[in-house]
Amino acid sequence: MRAWLELTVPELLATAPAAIAARLAAAQMRRRLSGEPSQLRAWGAQVEMLQAALAAPCWIDARIGFEYDMLRLERRIDVVLVTRRAILVLEFKVGATQMAAADLAQVEDYAQDLHDFHAASRAHPVIPVLVATGARTVPLQLGLPVPGVAPVALANAANLAERLATLHNAAPDALPLDPDAWFEAAYAPVPTIVEAAARLFARNTVADIAAARADTANLTATTDAILRALDAARAAAERVVVFVTGVPGAGKTLCGLNVVFGEHRRDGTAFLTGNAPLVAVLREALACDRAGISLALGPSNDPERRRRAGRLRAARHETAQALQNVHRFLADNAHKPAAPHERVIVFDEAQRAWNAAQASRDTQRRKSTLTMSEPAHALAIMGRHAGFAAIIALVGQGQEINTGEAGLAEWGDVIAAAPGWHAVAAPRVLEGPDAAQRLMPGPWLRLDPALDLTVPIRSVRSPRARNGWTPWCGARRGGPRASRRRRAGFLTSSHARWPRRGRRCGGWPRGCGARASCAPRARGACAARGSTPN
């Protein structure tokens with residue numbers, strides 16, 4: 001967590017608004033973010049209002065941060081004003097003439113994020129302030145003078161100075177706050193947030209997937225193997241990388257989530273992935289279930305969405321710590337001297353971690369802060385812990401390594417060169433035709449066959465399906481459609497529908513799962529049409 005620009009209030013008062021706006025624009029360009037003239041004007045207007053509001057002597061010890069980036073939470077606050085008494089979270093809506101409900105929720109969420117995820121905020125009042133510059137004046141509601149998130153205060157351009165002074169004077173001064181130390185404080189979620197997220201997962205349909213597939217012995221054995229490796233490393237105060245391999249759809253993600261939301265969450269855990277849609281889907285699934293919203297409908301179509309809106313926001317807030325973007329996690333921690341809050345991280349699609357060239361490369365949309373490969377940074381970050389630390393590396397087998405992706409070989413090189421680290425993996429990691437997708441044997445590597453997932457959970461619903469799609473392939477050759485369905489046994493109207501016109505591939509329904517078991521002439525028909533059965 002860091003601001004694009006930090007200033008003391010005397011520095012703010014001594015600097016021209018245009019100069020501050022220009023420094024913010026430069027910070028925006030360094031991060032490869034798109035800028036608009038309207039944003040530059042908004043920054044200038046914010047600075048002018050703040051200079052007028054903070055000219056009183058009571059603000060001389062305060063410190064202000066513009067565009068405070070909560071990197072791992074993927075949010076950014078307009079202004080954070082830290083005084084000796086309180087943390088004021090300001091969200092500006094320049095030109096707005098009304099206090100919109102969405103804006104009120106936005107600034108309240110920002111304040112709640114600071115209270116729950118910023119180590120130096122939870123012992124002090126955190127006061128959200130919505131500044132709609134053209135809105136009419138409304139009465140000010142003061143919260144209790146205690147630590148925690150206060151009610152949202154409403155202000156406009158005309159009364160901002162008076163509102164801020166009132167809020168500051170009403171805050172308690174029993175426990176003085178150090179503004180300089182506040183801006184240096186670490187990301188650290190409160191235990192109640194971690195426990196709340198675990199409760200969400202425990203009762204959510206995402207967790208039910210694992211329970212529904214409990215007859216898949218391989219999935220249970222792999223989860224147990226992960227926990228054994230973690231328990232052994234913790235008992236010996238060691239650092240370990242646990243590689244979990246498996247074919248697509250075998251349940252690697254479920255194993256990782258079970259670790260994140262299981263007993264090891266008390267050490268501090270997080271599921272890290274570069275797949276942004278996956279983060280969004282998992283967070284929303286957990287949140288919707290907590291709020292009682294049908295996933296089939298979604299929040300926008302729920303007939304009781306207004307009544308459930310507050311519960312949904314709280315649930316989204318609770319899941320933010322457990323499910324994070326891996327690139328933001330690494331960027332946020334790469335150059336900090338302190339160890340992260342998490343002692344156990346799950347690194348999704350570890351074989352696709354970036355090599356040094358890709359990780360350090362600037363793009364049109366991103367200014368890189370990394371200097372090594374992502375596996376090297378991951379070990380360096382987690383290695384700051386004294387004693388136990390662990391990385392669960394989920395590795396998809398049989399997938400092509402693209403340009404810029406490090407593969408398993410980079411993980412092996414980094415672990416072998418890192419003092420105090422060892423790894424546990426299935427023998428499969430030593431095999432394979434692609435050198436980038438193999439680990440080299442060494443004293444740092446211990447083998448455990450249970451860490452390899454070999455059965456796709458998509459196919460375990462029917463006992464016949466576990467042996468491949470041969471029944472369907474054989475049934476496909478003749479007879480009426482209904483007869484073919486009966487002979488296939490596991491494919492009934494409750495499991496699949498025949499595709500509509502134009503959705504056939506060589507006589508096969510898309511999604512049938514046929515690949516190696518396809519008859520040669522069926523593959524030929526697919527090839528003639530320019531497609532293959534998936």
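Residues numbered from 1 in each chain as written. Predicted model: local features only at pLDDT ≥ 70, side-chain atom pairs only at ≥ 80, totals over all residues. Heavy atoms only, no water.

**Thoughts on the side chain of Asn156**
Then, in step 1: Along the chain, Asn156 falls in the loop between β7 (153-155) and α5 (160-170).
Then, in step 2: Residue class for Asn156 comes out buried when judged on its relative accessible area of 3%.
Then, in step 3: Within polar-contact distance, the side chain of Asn156 engages the backbone oxygen of Ala135 at 3.0 Å.
Then, in step 4: A distance of 3.2 Å separates the side chain of Asn156 from the side chain of Thr137, its partner in a polar contact.
Then, in step 5: Setting aside anything within four residues of it in sequence, one finds Asn156 in contact with Val131, Ala132, Thr133, Ala135, Arg136 and Thr137. (Helix = DSSP H or I, 4+ residues; strand = E, 2+ residues; numbered from the N terminus. Buried < 20%, exposed > 50% of the residue type's maximum accessible area, 1.4 Å probe, protein only. Polar contact = N/O pair within 3.5 Å; in protein donor to acceptor, adjacent residues only side chain to side chain. Contact = heavy atoms within 4.5 Å.)

**Focus on the confidence of the model for the chain**
Fine structural detail should not be taken from predicted coordinates in areas where pLDDT scores are low.
Then, in step 1: Chain-level statistics for the chain give a pLDDT mean of 77 and a share of 73% at 70 or above.
Then, in step 2: Here residues 204-215 is a poorly scored stretch, pLDDT under 50, and it has 22 contacts once near neighbours within four places are set aside; other chains count.
Then, in step 3: Note on residues 459-534: pLDDT under 50 across the span, and 86 contacts to partners over four residues away in sequence or across chains. (pLDDT = per-residue confidence, 0-100.)

**Digging into helix α16 (residues 407-417)**
Then, in step 1: When α16 is considered as a whole, its buried residues turn out to be Gly407, Leu408, Trp411, Gly412, Val414 and Ile415.
Then, in step 2: Lining the buried residues of α16 we find β8 (239-246), β11 (344-347), α15 (374-382), β12 (389-396) and β13 (421-425).

**Structural notes on the packing of aromatic side chains**
Then, in step 1: The full count for this structure, using the stated rule, is six aromatic pairs.
Then, in step 2: Aromatic side chains Phe243 and Trp411 sit 6.2 Å apart centroid to centroid with 90° between the ring planes, which places their arrangement in the edge-to-face category. Of this pair, Phe243 sits in strand β8 while Trp411 sits in helix α16, and the two are 168 residues apart along the sequence. Across this residue pair, the class does not change: Phe243 and Trp411 are buried.
Then, in step 3: The rings of Tyr68, Trp182 and Phe183 are connected pair by pair, giving a single aromatic cluster. (Phe/Tyr/Trp six-rings, centres within 6.5 Å; stacked < 30°, edge-to-face > 60°.)

**Focus: the environment of Asn156**
Then, in step 1: Along the chain, Asn156 and Ala132 lie 24 residues apart, while their C-alpha atoms are 5.1 Å from each other.
Then, in step 2: Within the local environment of Asn156, its side chain forms a polar contact with the backbone nitrogen of Ala158, the two atoms lying 3.0 Å apart.

**A short note on the pairing of strand β5 (residues 125-132)**
Then, in step 1: Counting buried residues along β5, eight of its eight residues qualify, which places the element largely inside the surrounding structure.
Then, in step 2: Across the two faces of β5 the burial is the same, with Pro125, Ile127, Val129 and Val131 and Val126, Pro128, Leu130 and Ala132 all buried.
Then, in step 3: Bridge count between strand β4 (residues 87-93) and β5: seven bridges; the pairing is parallel. For Phe92, the partnering residue across the bridge sits in β5 and is Val131.
Then, in step 4: Read from β4 through helix α4 (residues 101-117) to β5, the crossover connection turns out right-handed.
Then, in step 5: Pairing geometry for β5 and β7, over three bridges, is parallel. Note on β7: the bridge partner recorded for Val129 is Ala153. (Pairing = 2+ DSSP bridges. Right-handed = clockwise from strand over helix to strand, strands pointing away.)

**Focus on the pairing of β12**
Then, in step 1: Within β12, eight of the eight residues are buried, which leaves the element mostly enclosed by the surrounding structure.
Then, in step 2: Residues Ala389, Ile391, Ala393 and Val395 point to one face of β12 and Ala390, Ile392, Leu394 and Gly396 to the other, with burial holding for every one of them.
Then, in step 3: When β8 meets β12, the two strands line up parallel, connected through eight bridges. Its bridge partner being in β12, Val244 is matched across the sheet by Leu394.
Then, in step 4: The pairing of β11 with β12 spans four bridges and is classified as parallel. Paired with Val346 across the two strands is Ile392, which belongs to β12.

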